[in-house]
Amino acid sequence: MMMPGAIYLLINNYFPMFGTVIAFKSVNYSVGILRSPWVGFDNFKFLFRTSDAWTITRNTLLYNALFIVVTPIIAVTFAILLNEVRNRLAARFYQSIMFLPYFLSAVVVGYLGYSLLSTEFGFINTNLLKPLGADAIAWYSEPKYWPFILPIVYIWKNIGYSTVIYLAAVIGIDNEYYEAALMDGASKWRQAISITLPQIRPIIIILGLMAVGHILNADFGLFYQVPLDAGALYPTTNVIDTYVYRALLTLGDIGMSSAAGLYQSAVGFVLVLTVNLVVRKFSKESALF
């Protein structure tokens, strides 16, 4: 029974790791990957010696740190609220509405955002600011607004998926806990704090650990398609993934892009081990391994 899964894991996850050698080579397509000359760590200098190194690293870390902290808080809140909806039809309707944005492509989300933020035709400028006598805002020319816009879009698009995961954990809690708490006069707030959160804490920690492992991997669609690749917004929207993509289009050097991917994976692996070790010291049951 394990064979199909093991074969799939080897083919999909382990055999492609051979490609990491590209990060240490100057790929020459005429001779192939194996015969291409080794360049050591020269490809990694592409990330660290660029003038944008600080900007893309800062943006990637800060945005992902914000997502890691905010997403569980909102998702757990929605999961607890949905669990209190007794009408099954209404509960399924709310779940479907929340889950729908997750299936939208980044291109669709980008143009939905454009319909709201366009300077000339956007809903916010024409239907909200103009009637109030306020000047239209050039959203795609002002970087200062995007540290707020991007988290809102990310949460709107992904919160449904996270909520479903936490809702499954909440539903799995034994009702006897709540019945005993109700007999003791505990309010819904007290039940959530004293029963629900402690019971789903392992799930929160596991998902948090997995998110930490991708802290250097940005949502490419979010940071490239939603700002419509506007150059004026690079100070607040440019992250490692978008920078590498643009460099790959300009230079065509897959060795540099492979080095960036390996760097992101290696740092994520070390962070997962470190955070898991810290969690394990406080609670072995909550650790991932």
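Further up the page is the structure itself.
**Considerations on helix 4 (residues 88–99)**
Move 1: Between its first and last C-alpha atoms helix 4 spans 16 Å; for 12 residues at 1.5 Å apiece the expected length is 16 Å, and the two agree.
Move 2: Where helix 4 begins, the capping side chain belongs to asparagine 87, and its oxygen is found 3.0 Å from the backbone nitrogen of leucine 89.

**Section: the side chain of glutamine 264**
Move 1: Among the secondary structure elements, glutamine 264 is positioned in helix 13 (residues 254–282).
Move 2: For glutamine 264, a relative accessible area of 5% translates into the label buried.
Move 3: At a separation of 2.6 Å, a polar atom in the side chain of glutamine 264 contacts the main-chain carbonyl oxygen of leucine 216.
Move 4: At 3.2 Å, the side chain of glutamine 264 forms a polar contact with the side chain of aspartate 241.
Move 5: Contact partners of glutamine 264, with chain neighbours within four places excluded, come to Leu216, Asn217, Ile240 and Asp241.

**Looking at a nonpolar patch on the surface**
Move 1: Together, Met3, Ile7, Leu9, Leu10, Ile11, Tyr14, Phe15 and Met17 make up a nonpolar patch on the protein surface, roughly 840 Å² of accessible area in all.
Move 2: The residue methionine 17 is located in the loop between helix 1 (3–14) and helix 2 (45–48) in this model.

**Digging into the packing of aromatic side chains**
Move 1: Applying the stated rule across the entire model yields 20 aromatic pairs.
Move 2: Ring centres of phenylalanine 41 and phenylalanine 44 lie 5.6 Å apart, and the angle between their planes is 50 degrees; on these two criteria the pair is classed as tilted.
Move 3: By relative accessible area, phenylalanine 41 is classed as exposed at 58%.
Move 4: Each residue in the set Tyr63, Phe67, Tyr154 and Phe223 is aromatic and connected to the rest through ring pairs, giving one cluster.
Move 5: Positioned over the ring face of tyrosine 102 is lysine 157, at 5.7 Å from the centre of the ring.

**Some words on the pattern of salt bridges**
Move 1: Inspection of the entire model under this criterion finds 4 salt bridges.
Move 2: Among the salt bridges present, the one from lysine 45 reaches aspartate 42, with a minimum N-O distance of 3.2 Å.
Move 3: Between lysine 188 and glutamate 84 there is a salt bridge whose closest N-O contact spans 3.1 Å. Note that lysine 188 is positioned in helix 9 (residues 188–212) and glutamate 84 in the loop between helix 3 (53–83) and helix 4, a separation of 104 residues in sequence.

**Observations regarding the nonpolar core**
Move 1: The biggest cluster of nonpolar side chains holds 39 residues, and the ones touching the most others in it are Trp146, Leu150, Leu222, Phe223 and Val226.
Move 2: Of all the elements in the fold, those that place two or more residues in this core are helix 3, helix 5 (106–117), helix 7 (146–171), helix 8 (175–183), helix 9 and helix 10 (220–224).
Move 3: Those residues in contact with leucine 222 that lie beyond four places of it in its chain are Phe67, Leu150, Val153, Tyr154 and Pro227.
Move 4: Counting 10 residues, the second largest nonpolar core, distinct from the first, contains Ile56, Ile215, Leu216 and Ala247.

**Section: unusual backbone geometry**
Move 1: One non-glycine residue, leucine 228, lies in the positive phi region at around 60 degrees.
Move 2: Position of leucine 228 relative to the elements: it lies in the loop between helix 10 and helix 11 (234–237).
Move 3: Within the chain, aspartate 229 stands out as a residue other than glycine whose phi angle is a positive 50 degrees.
Move 4: Within the secondary structure, aspartate 229 is located in the loop between helix 10 and helix 11.
Move 5: On the basis of relative accessibility, which here comes to 26%, the residue aspartate 229 falls in the partly exposed class.

**With respect to helix 9**
Move 1: Between its first and last C-alpha atoms helix 9 spans 31 Å; for 25 residues at 1.5 Å apiece the expected length is 36 Å, and the helix comes up short by more than 12%.
Move 2: Every buried residue of helix 9 is accounted for by Gln191, Ala192, Ile195, Thr196, Ile200, Gly208, Leu209 and Val212.
Move 3: Where helix 9 is buried, its residues touch helix 3, helix 7, helix 8 and helix 13.

Rules and cut-offs
- Residues numbered from 1 in each chain as written.
- Predicted model: local features only at pLDDT ≥ 70, side-chain atom pairs only at ≥ 80, totals over all residues.
- Heavy atoms only, no water.
- Helix = DSSP H or I, 4+ residues; strand = E, 2+ residues; numbered from the N terminus.
- Expected span 1.5 Å × (residues − 1).
- Polar contact = N/O pair within 3.5 Å; in protein donor to acceptor, adjacent residues only side chain to side chain.
- Buried < 20%, exposed > 50% of the residue type's maximum accessible area, 1.4 Å probe, protein only.
- Contact = heavy atoms within 4.5 Å.
- Patch = residues over 30% accessible without salt bridge, like charges linked within 9 Å, V, L, I, M, F, W, Y side chains within 5 Å.
- Areas by Shrake-Rupley, 256 points an atom, 1.4 Å probe, with all protein chains shown as cover.
- Salt bridge = Lys/Arg side-chain N within 4 Å of Asp/Glu carboxyl O.
- Phe/Tyr/Trp six-rings, centres within 6.5 Å; stacked < 30°, edge-to-face > 60°.
- Lys NZ or Arg CZ within 6 Å of the ring centre and 35° of its normal.
- Core = buried A, V, L, I, M, F, W, Y, C linked by side-chain atoms within 4.5 Å.

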